[in-house]
Amino acid sequence: IDEAWFQIFFNNFNIETGYIKLIWGKGNKAFTFDNLNAVDYTDFINPSYLDRKIAEAMIKINVPFGMQGMVEAVYTPVFTPDVYPTDGDWVQIDYKIWEAMSPPNSLSISPEDTSTLAKSQLGLHITDSIGGFDVGASYQYTFLRKVFTDFSTIGGDGNLPLSWDRVHLFGAETAFVIAAFNIWAEIAYYMTSDFSGDNPLVHNNRFLYLFGFERDLMIHNISLNIQGKSELILGSDGVTDSSDIDYESDTAYNSHLLTAGLRDSFLNKKITAELNGSYYMEDGDFMIM
């Protein structure tokens, strides 16, 4: 089942419950604090951002206010980890490292149990439009989706335990129009328990920010969008050796991703053609679709 929920309407609010997909933020197929739904990365190329999401069991309360304001409060009783392929080009580096360390045909990944109420998530999202600016803010009691792998705990049976760090997530967003440019921006702070950055078994605190714009080119229906997303890992001075899960051999603890796209539509928008590119500045990786 892709999604399934029902909605109950009251005088001043409504309730949705079931298996739901959310998108919080103003980004274009990339976001900084859209964190409550898991993502299926086994087919990274073909599905849209929404289609890659995995519907989460949740209760969602929507409270409209003013002319365009909305408060969304969400409770998910469990946490669903992201899904990654175990072979092919998109295998995660932790899996590759462990596979190299393990005897042939002995792979056995053992994630912590995230299907209990102790792994529930809470989310609050407030949006409004003020003087031509769409603005929003979010708080989430959730998990950092970067999996934690402690290779020192691999047992003699080749079992690899996986876990995820609890975080307090704070996010803000805005979108506005200037001189026919649609502009958007987001910022998020992921607060773990490792403020000083020297706990090798907990991910460091981090900032993510995003800025982008879109502009019609006045040629047919062609539009151009350009977007940048960055992650800044705090307390990197406390990461002193390879036993730390945040360790980077090149000491590059900030990452910058640049994306750009051209889109055109035909036959009253029944057919859409897109050319998209992504460039990861630190490593020089790129992808064209």
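Details of the structure are given in the entry above.
Fair warning: this is a prediction, and the values are worked out from it, not measured in the lab. (Residues numbered from 1 in each chain as written. Predicted model: local features only at pLDDT ≥ 70, side-chain atom pairs only at ≥ 80, totals over all residues. Heavy atoms only, no water.)

Concerning the overall build of the protein chain
Broken down by element type, the protein chain carries two helices and 18 strands. When burial is assessed residue by residue, the protein chain has 36% of its 289 residues classed as buried. Sequence separation of 24 or more characterises 57% of the internal contacts of the protein chain that already satisfy a separation of 6 or more. (Helix = DSSP H or I, 4+ residues; strand = E, 2+ residues; numbered from the N terminus. Buried < 20%, exposed > 50% of the residue type's maximum accessible area, 1.4 Å probe, protein only. Contact = heavy atoms within 4.5 Å.)

Let's talk about unusual backbone geometry
In the Ramachandran plot, Ala180 falls in the positive-phi region, its phi being about 70° despite a non-glycine side chain. Within the secondary structure layout, Ala180 lies in the loop between strand 12 (166-178) and strand 13 (181-191). Its identity as a non-glycine residue notwithstanding, His220 has a phi of 55°, on the positive side. With respect to the helices and strands, the residue His220 is situated in the loop between strand 14 (206-216) and strand 15 (223-233).

What to know about the packing of aromatic side chains
Across all of its chains, the model carries 10 aromatic pairs by this definition. Ring pairing ties together the aromatic residues Tyr139, Phe170, Tyr189 and Phe207, which thus form one cluster. Directly above the ring of Phe181 sits Arg215, whose terminal nitrogen or CZ lies 5.2 Å from the centroid. (Phe/Tyr/Trp six-rings, centres within 6.5 Å; stacked < 30°, edge-to-face > 60°. Lys NZ or Arg CZ within 6 Å of the ring centre and 35° of its normal.)

Quick word on a negative patch on the surface
A surface patch of negative charge is lined by Glu248, Asp250, Asp283 and Asp285. Tracing the sequence through the fold places Glu248 in the loop between strand 15 and strand 16 (254-266). (Patch = residues over 30% accessible without salt bridge, like charges linked within 9 Å, V, L, I, M, F, W, Y side chains within 5 Å. Areas by Shrake-Rupley, 256 points an atom, 1.4 Å probe, with all protein chains shown as cover. Salt bridge = Lys/Arg side-chain N within 4 Å of Asp/Glu carboxyl O. Lys, Arg positive; Asp, Glu negative; His and termini not counted. Charge placed at Lys NZ, Arg CZ, Asp CG, Glu CD.)

Comments concerning the side chain of Thr32
Topologically, Thr32 is positioned in the loop between strand 2 (14-20) and strand 3 (38-39). Judged by its relative accessible area of 1%, Thr32 falls in the buried class. With sequence-adjacent residues up to four places away left out, Thr32 is seen in contact with Glu186, Ile187, Ala188, Tyr190, Leu208, Tyr209 and Leu210.

Some points on the nonpolar core
Leu22, Trp24, Val74 and Tyr190 are the most contacted members of the largest nonpolar core, which totals 13 residues. Every element with two or more residues in this core is listed here: strand 12 and strand 13. Leave out the neighbours within four places in its chain, and Tyr190 touches Thr32, Phe33, Asn35, Leu144, Val167, His168, Leu169, Asn205, Arg206 and Leu208. (Core = buried A, V, L, I, M, F, W, Y, C linked by side-chain atoms within 4.5 Å.)

Take it as geometry only, folks, not as evidence of what the structure does.
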